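# Observations on the three-dimensional arrangement
Residue strings, one per chain:
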Amino acid sequence: MSSTHRASPLGSLSVETFLRDYWQKKPLLIRQAFPDFENPLSADELAGLSLEDEVESRVVLEHGERPWELRRGPFFEEDFRTLPEQDWTLLVQAVDQFVPDVAELMNAFRFLPSWRLDDVMISYATPGGSVGPHFDNYDVFLLQGQGHRRWKIGQHCDAESPLLDNPDLKILSDFDQQEEWLLAPGDMLYIPPGLAHYGIAEDECMTYSIGFRAPSQHEVLVHYTDFLGQHLNDQQRYSDADQSVVADPAAIDDTAVERLRDILLAAADDKTALAIWFGRFMTEPRYPELIQPIEGVAGELEEVLNQGYGLVRNLSARLAYRVEGEQLVLFASGEHCVLPASLLPLVQLICNEDYLDSEHLLQWQADPEGWTLLQQLLDKGDLLLEGDDDE
Ligand SMILES: [Mn+2]
């Protein structure tokens, strides 16, 4: 699959029109966004994942010990046997990190920056199953994988919107229905941040939520200044060598405030530092423990490629890059390295393809910096040798 010719899942709508009229603005229903969609995972396989320690999962029961009861995984098989016939939902986070066919779904959304993509959550619901009327702080595409789900669209919400008194789930106490759609396998609904939505399973159904990440302004301010702070020393201080005679020693005058503002503005104006912080932040993996250094693997690179095997991206790794003047910066799972601009084609290949074939990679054997980069990413565990994970 080529990174430049992936089919858009927007139906007859162009990417340009979608971005202009819908993205972050209003909901969009796309009938047969994925025509003849083949559900890559069965309900039993999803339930199987929820038994695993490293997987985040939840069950929501509408009529449990209290209304909208939340149970957290990992679960035991016994837990599922004791659930009622209907009105419950199993939700499993970041299934893309464990199932390559689910990860591949995300490639259809590369008309948006891939570092904005977060994960694919999958929900399985029995008839009547729902997680209640709610809103999210991020964009989501809801792809119907199996069965049918009725989606009701409500009002725009914010931090002030009234919620039910529930310790675990943020369920809206008011829902002002604007629209209603019934989704069948292959249909997809886009929901912008802050828009109330309420999905109810008509029959046994599975829904794939392709979710996005966006840092909160709190994260931008706190994390960026924390990152900058690591490079500052104690001698760099508020200074007032220009201090004039004070009219009142207790007063904080404008000049003092402006000296502080200059410190902050200089930090905000450092576009290079800001970009490096951002690339590291946006590529931080959800499960860093799934990216482990693999000893000795880099030494096998040449042999493996010569045998015709390629490399695969670790499903947990997040990659992005930035070109700034002559400088190329690669971000790999929360870290960065500065590279010569001549490595751009290799970096683009690594960032955009799940599978790197031997033919393309062997071309870089003559370039010591390119070859070293591949070895470093293998050592770090962001890239894996084909065959190591039964691909
Ligand atoms: Mn939601």
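Residues numbered from 1 in each chain as written. Predicted model: local features only at pLDDT ≥ 70, side-chain atom pairs only at ≥ 80, totals over all residues.

### Examining the overall build of the protein
Looking only at helices and strands, one finds 11 helices and 17 strands in the protein. Taken along its principal axes, the extent of the C-alpha atoms in the protein is 75 × 70 × 45 Å. The proportion of buried residues among the 391 residues of the protein is 29%. Considering only residue pairs separated by 6 or more positions, the protein has 79% of its internal contacts joining residues 24 or more positions apart. (Helix = DSSP H or I, 4+ residues; strand = E, 2+ residues; numbered from the N terminus. Buried ≥ 20, exposed ≤ 12 C-beta atoms within 10 Å, placed from the backbone. Contact = placed C-beta atoms within 7 Å.)

### Observations concerning the environment of Gly128
Among the secondary structure elements, Gly128 is positioned in the loop between strand 5 (117–125) and strand 6 (140–146). With 72 residues separating them along the chain, Gly128 and Ile200 place their C-alpha atoms 5.7 Å apart. Setting aside its immediate chain neighbours within four residues, Gly128 contacts Gln86, Asp87, Ile200 and Ala201.

### Section: the domain arrangement of the protein
Domain boundaries assigned for the protein yield domain 1 (15–212) and domain 2 (288–385). Of the residues that constitute the side of domain 1 that touches domain 2, the class distribution is 3 nonpolar, 1 polar and 2 charged. (Domains from an automatic or database assignment. Nonpolar A, V, L, I, M, F, W, Y, C, P; charged D, E, K, R; others polar.)

### Considerations on the sheet that holds strand 14 (residues 327–332)
Read across the sheet, 3 strands follow the order 13-14-15 without closing on themselves; strand pairing throughout is antiparallel. Where the open sheet ends on each side, the last strands, each with one partner, are strand 13 (319–324) and strand 15 (335–340). For this sheet, the mean angle separating the axes of adjacent strands, direction not counted, is 20°. Pairing between strand 14 and strand 15: 6 bridges, direction antiparallel. Its bridge partner lying in strand 15, Ala332 is registered against Glu335. Sheet strands touched by helix 7 (residues 271–282): strand 13, strand 14 and strand 15. Its angle to strand 13, the strand with the most contacts, is close to 170°. (Pairing = 2+ DSSP bridges. Axes fitted to C-alpha atoms, helices over the stretch in contact; angles between N-to-C directions.)

### Points about the environment of Met121
Along the chain, Met121 falls in strand 5. Expressed as a C-alpha distance, the spacing of Met121 and Asp96, which sit 25 residues apart in the sequence, is 8.0 Å. Contacts of Met121, omitting those with residues within four sequence positions, involve Leu91, Val92, Gln93, Ser209 and Gly211.

### Focus on the nonpolar core
Residues Val92, Val95, Val120, Ile122, Leu143 and Met188 are the most contacted members of the largest nonpolar core, which totals 49 residues. For Leu143, the contacting residues outside a window of four places in its chain are Ala33, Phe34, Met188, Thr207, Tyr208 and Ile210. Counting 23 residues, the second largest nonpolar core, distinct from the first, contains Leu330, Val347, Ile350 and Leu377. (Core = buried A, V, L, I, M, F, W, Y, C linked by C-beta atoms within 7 Å.)

### Some remarks on the confidence of the model for the protein
Confidence in the prediction for the protein averages 94 pLDDT; 97% of positions are at 70 or higher. The low-confidence segment residues 1–5 (pLDDT under 50) makes 5 contacts with residues lying over four places distant or belonging to another chain. (pLDDT = per-residue confidence, 0-100.)

### As for the sheet that holds strand 12 (residues 311–313)
Strand order in the open sheet formed by 3 strands is 16-12-17, and the pairing between neighbours is antiparallel. The outermost strands of the open sheet, each flanked by one partner alone, are strand 16 (355–356) and strand 17 (383–385). As paired strands, strand 12 and strand 17 are joined by 3 bridges and run antiparallel to one another. Bridge pairing links Arg313 to Leu383 in strand 17.

### What to know about the pairing of strand 15
Within strand 15, only 0 of the 6 residues are buried, leaving the element largely exposed. Between the antiparallel neighbours strand 14 and strand 15 lie 2 residues, among them Ser333 with a positive phi of about 50°.

### Side note on helix 11 (residues 368–380)
Between its first and last C-alpha, helix 11 extends 18 Å over 13 residues, near the 18 Å set by a 1.5 Å rise per residue. All of the buried residues along helix 11 are Gly370, Leu373, Leu374, Leu377 and Leu378. One side of helix 11 carries all its buried residues, which in axial view fall inside an arc of 135°. Facing away from the buried side of helix 11 by over 90 degrees, the exposed positions are Pro368 and Glu369. The elements touched by buried residues of helix 11 are helix 8 (301–306), strand 14, strand 15, helix 9 (344–352), helix 10 (358–362) and strand 17. Where helix 11 terminates, the next one or two residues include Gly381, which has phi positive at roughly 95°. (Expected span 1.5 Å × (residues − 1). Arc of directions from axis to C-beta.)

### Observations regarding the environment of Pro293
Turning to its location among the elements, Pro293 is positioned in the loop between helix 7 and helix 8. Residue Pro293 is classed as exposed on the basis of its C-beta count, with 9 C-beta atoms lying within 10 Å. Between the alpha carbons of Pro293 and Leu83 there is a distance of 41 Å; along the sequence they are 210 residues apart. Excluding anything up to four places from it in sequence, Pro293 contacts Asp379, Lys380 and Gly381.

### Description of the pairing of strand 9 (residues 188–191)
For a regular strand, the rule is simple: side chains alternate between the two faces of the sheet. By the alternation rule, side chains of strand 9 split into Met188 and Tyr190 and Leu189 and Ile191, which are all buried. Sheet analysis places strand 6 next to strand 9, joined by 4 bridges and oriented antiparallel. Opposite Val140, over in strand 9, you have Ile191 as the bridge partner.

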